Amino acid sequence: MNEYEFNGKFLYCVRLIKRLYERALADAAAESGLSLPEADVLSFLREYPEFDTARDIALYREVSKAYVSNAVEALTGKGYLTAVRDTRDRRVRRLALTPAAGETAQRLYEGQIRFYDSITRGIPMREVNGMLALLATCAQNVQRAAEEYRIEK
């Protein structure tokens, strides 16, 4: 059996990273005149355009469908998103950023970069890239384990 030695409180730090990320995003959102949910949805679609439904966003960001729905409605009203009915399932709306969202999405991205820079401060970039590769492998293992244990997404 492997013995793991974590320096610090691993699960606590994971939660803290999420809270710090949300704070950084909220700050960038305020600079852009957006609410946190609006910034969250806009940033998510910028980074993961293939996950283009409200259900996808709620699932991967671990937020409620109402949180996403309200943000989508506001962003659509601001001209930052389009919502088009899926041709195969009319209940589903496919979301996409509009060109009008470009500058705002870029400012939010810059806020994300400031966050990443703050938590990797003092770590050489090659080590950061190594850590990201390790985390990608861990993420695959987590997904596989969740399927084995039939843990719902």
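Each value, and the rule that gives it
- Residues numbered from 1 in each chain as written.
- Predicted model: local features only at pLDDT ≥ 70, side-chain atom pairs only at ≥ 80, totals over all residues.
- Heavy atoms only, no water.
- Helix = DSSP H or I, 4+ residues; strand = E, 2+ residues; numbered from the N terminus.
- Contact = heavy atoms within 4.5 Å.
- Patch = residues over 30% accessible without salt bridge, like charges linked within 9 Å, V, L, I, M, F, W, Y side chains within 5 Å.
- Areas by Shrake-Rupley, 256 points an atom, 1.4 Å probe, with all protein chains shown as cover.
- Salt bridge = Lys/Arg side-chain N within 4 Å of Asp/Glu carboxyl O.
- Buried < 20%, exposed > 50% of the residue type's maximum accessible area, 1.4 Å probe, protein only.
- 1 Å grid on protein atoms, 1.4 Å probe; cavity = no way out; pocket = protein on both sides within 12 Å on 5 of 7 lines; lining within 4 Å.
- Points joined across faces, edges and corners; volume = space filled by probe spheres on them.
- Nonpolar A, V, L, I, M, F, W, Y, C, P; charged D, E, K, R; others polar.
- Phe/Tyr/Trp six-rings, centres within 6.5 Å; stacked < 30°, edge-to-face > 60°.
- Lys NZ or Arg CZ within 6 Å of the ring centre and 35° of its normal.

Note on placement: Ser 32 falls in helix α1 (residues 10-32). Beyond its immediate sequence surroundings of up to four residues, Ser 32 is in contact with Thr 104, Arg 107 and Leu 108.

What follows concerns a nonpolar patch on the surface. A surface patch of nonpolar side chains, about 590 Å² in accessible area, is lined by Tyr 4, Phe 6, Phe 10, Leu 11 and Val 14. In this fold, Val 14 is placed in helix α1.

Here we come to unusual backbone geometry. Positive phi values are uncommon outside glycine, yet Glu 62 reaches one of about 55 degrees. Glu 62 sits in the exposed class, given a relative accessible area of 65%.

Time to look at the layout of surface pockets. To find leftover empty space, a probe the size of one water molecule is rolled over the atoms. Space inside the largest pocket adds up to approximately 2600 Å³. The set of elements that each furnish at least two residues to the lining of the largest pocket consists of α1, α2 (36-47), α3 (54-61), α5 (102-119) and α6 (125-148). With twelve residues, the single largest contributor to the lining of the largest pocket is α6. The residue makeup of the lining of the largest pocket, split by class, is 30 nonpolar, seven polar and ten charged.

If you trace the backbone, Phe 44 turns up in helix α2. Residues Phe 44 and Tyr 109, 65 residues apart in the sequence, show an inter-C-alpha distance of 10.0 Å.

Okay, the packing of aromatic side chains next. In the structure shown here, the tally under the stated rule is six aromatic pairs. An aromatic cluster is defined as three or more aromatic residues linked by ring pairs; in this entry it consists of Phe 44, Tyr 48, Phe 51 and Tyr 60. Over the aromatic face of Tyr 109 sits the side chain of Arg 46, whose NZ or CZ is 3.9 Å from the ring centroid.

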